Protein chains: 2
Amino acid sequence: MTETPDPAQAAAPASPHAPAPPRPRRGRPPGFDRDEALTAATLLFWERGYEATSVTDLTTAMGIRPGSLYAAFGDKRALFEEVVRHYGSSPVGAFAGRALAEETSAHAAFARILREAAAIYPDPSHPAGCLVISAATNVTPQDAEVQARLRDERNRNVQVFEDRLRAAREDGELPPEADPKALAGYFATVIQGMSQQARDGATAADLARTAELALRAWP
Amino acid sequence: MTETPDPAQAAAPASPHAPAPPRPRRGRPPGFDRDEALTAATLLFWERGYEATSVTDLTTAMGIRPGSLYAAFGDKRALFEEVVRHYGSSPVGAFAGRALAEETSAHAAFARILREAAAIYPDPSHPAGCLVISAATNVTPQDAEVQARLRDERNRNVQVFEDRLRAAREDGELPPEADPKALAGYFATVIQGMSQQARDGATAADLARTAELALRAWP
DNA sequence: ATATTTCTTGAGCGATCGCTCAAAAATAAG
DNA sequence: CTTATTTTTGAGCGATCGCTCAAGAAATAT
């Protein structure tokens, strides 16, 4: 270590895009795994929702004390924001986007979305339903922003549905008289209803039947 | 007032089933209208949900002090129970049962249910969506009973749907291969999704299109 | 008038909420 | 070693939670 102590150089890894090497940090090392803690927080928020999950609940589940939580994540709301992003990039939270990206026909995409929702929402390996749909339904006015955040995300997903269906009509997959906006709203309605049904105890078999019935509406 | 002071006789109205006469009560009369207060509480719980509505919110909206609320309704949970009953016997809360009772065919009943839900859920004269569906989604473990109460009511409604559809199959309105349980779950899913969509800003026209698409699944 | 009954009022209880912070602990750097 | 840096810890802050209760107010009964 006789080189100039240039901080930028010291921080740069040998290869520009190599995974960050475990270069030793200066102070006391963290006593918990950030990803594991984030997963624990996700499960709690997913199960109970934003306001019904207390910071005490979170610190207990994450195995840390309040100071560590606030140092690592900011505050409760910032933690929830990160949880939503974490959920949205997980397999469970991204199945719809993946189906839309991977299936060539719109019908195949929406059929896959409904069938995967039927399998995923009641999966006992995680809380039932969709976090984006159910985690901020009941909030006090002081947390209206959290509620609006998820509402906007839901409505953005409906718009993505509509865009895909409009493209399908232009491609001739759907007849000219098909209504992309109406179909998008319908499929969003079914998906959100399936999330609620899963939380009410509906099984994967129940929801699979619902998905097949819902697909009968396809033009 | 020279008759025997028989309490039973004194309490009995002249006609056995006449509306209770406004016989003067003993002490200080109530300073608020109980029905109006219950309606105010219903609107608050409907909009925000059970836990997100505080007793302070309630007393402010009802125009009373905590002591009056607890004397008149018991506690917050008992008030909510009464709100749920009040809601369930209101036109907005009872439209499904009314359609099932009044329509002769199952198809007419479910078509009417979906179309009325599309008109009622986004009606701006009251909070969007259905109170039973959305008022106890996010609760702490200490209020799990409230959540279970509404979940049971929702699942009871699905069972009523199934019973009606099974009768329709036995009557020949539905083909023998129709699945009453699957259809009941499907319609419940659509209705619960429509409630969520209404709370997310969907208009009556949006939901009407959703209802028509949903009815395409009818066997 | 006096007594009795019923309801309202406003202060405030113990518990929990989200959150903060000084002190201690654990590491690397000099 | 000492110093610097980062994280953990545990006590506890002010605010709000659901709820209670003694005192006062307003009616009827005697």
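Reading the values: rules and limits
Residues numbered from 1 in each chain as written. Chains lettered and ligands numbered in written order. Predicted model: local features only at pLDDT ≥ 70, side-chain atom pairs only at ≥ 80, totals over all residues. Heavy atoms only, no water. Axes fitted to C-alpha atoms, helices over the stretch in contact; angles between N-to-C directions. Helix = DSSP H or I, 4+ residues; strand = E, 2+ residues; numbered from the N terminus. Parallel < 35°, antiparallel > 145°, perpendicular 65-115°, else oblique. Contact = heavy atoms within 4.5 Å. Buried < 20%, exposed > 50% of the residue type's maximum accessible area, 1.4 Å probe, protein only. Buried area = accessible area lost by both parts, 1.4 Å probe. Salt bridge = Lys/Arg side-chain N within 4 Å of Asp/Glu carboxyl O. Polar contact = N/O pair within 3.5 Å; in protein donor to acceptor, adjacent residues only side chain to side chain. Nonpolar A, V, L, I, M, F, W, Y, C, P; charged D, E, K, R; others polar. Left-handed = near helix turned anticlockwise from the far one by under 90°. 1 Å grid on protein atoms, 1.4 Å probe; cavity = no way out; pocket = protein on both sides within 12 Å on 5 of 7 lines; lining within 4 Å. Points joined across faces, edges and corners; volume = space filled by probe spheres on them. Phe/Tyr/Trp six-rings, centres within 6.5 Å; stacked < 30°, edge-to-face > 60°. Least-squares fit on C-alpha atoms with pLDDT ≥ 70 in both.

The next point concerns the packing of helix α3 (residues 55-62) of chain A against helix α4 (residues 66-73) of chain A. All names here are of chain A. Packing of α3 against α4 leaves a shortest axis separation of 9 Å and a crossing angle of 90°. Comparing their axes, α4 and α3 come out roughly perpendicular. Within the contact between the two elements, α3 uses V55, L58, T59 and M62 and α4 uses P66, L69, Y70 and F73.

Residue position: R154(A) is located in helix α9 (residues 144-170). For R154(A), a relative accessible area of 7% puts it in the buried group. Those residues in contact with R154(A) that lie beyond four places of it in its chain are V132(A), I133(A), Q192(A), Q196(B) and D200(B).

Turning to the interface of chain A and chain B, a few remarks are in order. Taken together, the contact pairs 42 residues of chain A with 42 residues of chain B. Buried area between chain A and chain B, summed over both chains or domains, comes out near 3300 Å², and the portion from carbon and sulfur atoms is 49%. The three residues of chain A that bury the most area against chain B are N138(A), T189(A) and D200(A), which together make up 19% of that side's buried surface. Inspection of the region where chain A meets chain B yields six salt bridges. Taking the shortest distance from any N to any O, the salt bridge between D200(B) and R154(A) comes out at 2.6 Å. Where chain A touches chain B, the interface holds 18 residue pairs in polar contact (both at pLDDT 80 or more). With 14 residues, the single largest contributor to the side of chain A that touches chain B is helix α10 (residues 180-199) of chain A. Among the residues making up the side of chain A that touches chain B, the classes are represented as 18 nonpolar, 13 polar and 11 charged.

This part takes up the packing of α4(A) against helix α5 (residues 76-88) of chain A. Residue and element names in this part refer to chain A. One way to put it is that α4 packs onto α5 with a least axis distance of 9 Å and a crossing angle of 60°. Classified by the interaxial angle, the pair formed by α4 and α5 is oblique. Judged by the sense of rotation from one axis to the other, the crossing of α4 with α5 is left-handed. Contact residues: L69, Y70 and F73 in α4; K76, A78, L79 and E82 in α5. By residue class, the composition of the contact of α4 with α5 is five nonpolar, no polar and two charged.

What follows deals with empty space enclosed by the protein. Tallied over the full model, the rule gives one cavity of 30 Å³ or more. What the largest cavity holds in volume is close to 130 Å³. Those elements that place two or more of their residues in the lining of the largest cavity are α8 (131-134) and α10 of chain A together with α8 (131-134) and α10 (180-199) of chain B. Of the residues that constitute the lining of the largest cavity, the class distribution is two nonpolar, 12 polar and two charged.

Taken as a whole and assessed by the stated rule, the structure comprises 20 aromatic pairs over all chains. When the centroid spacing of 4.9 Å and the interplanar angle of 25° are considered together, the rings of F110(A) and F187(A) count as stacked. Taken together, the positions of F110(A) in helix α7 (residues 106-120) and F187(A) in helix α10 put the pair 77 residues apart, joining distant regions of the chain. Geometrically, the ring pair formed by F95(B) and Y121(B) is edge-to-face, given 6.0 Å between the ring centres and 85° between the ring planes. Placement of the pair is F95(B) in helix α6 (residues 95-102) and Y121(B) in the loop between α7 (106-120) and α8, with a sequence separation of 26 residues.

Turning our attention to the relation of the copies chain A and chain B. With an RMSD of 0.1 Å, chain A superimposes on chain B once it is rotated by 180° and translated 0.0 Å along the axis. The superposition operator between the copies reduces to a two-fold rotation axis. If distances are taken from each C-alpha of chain A to the rotation axis, the shortest is found for G193(A), at 1.9 Å.

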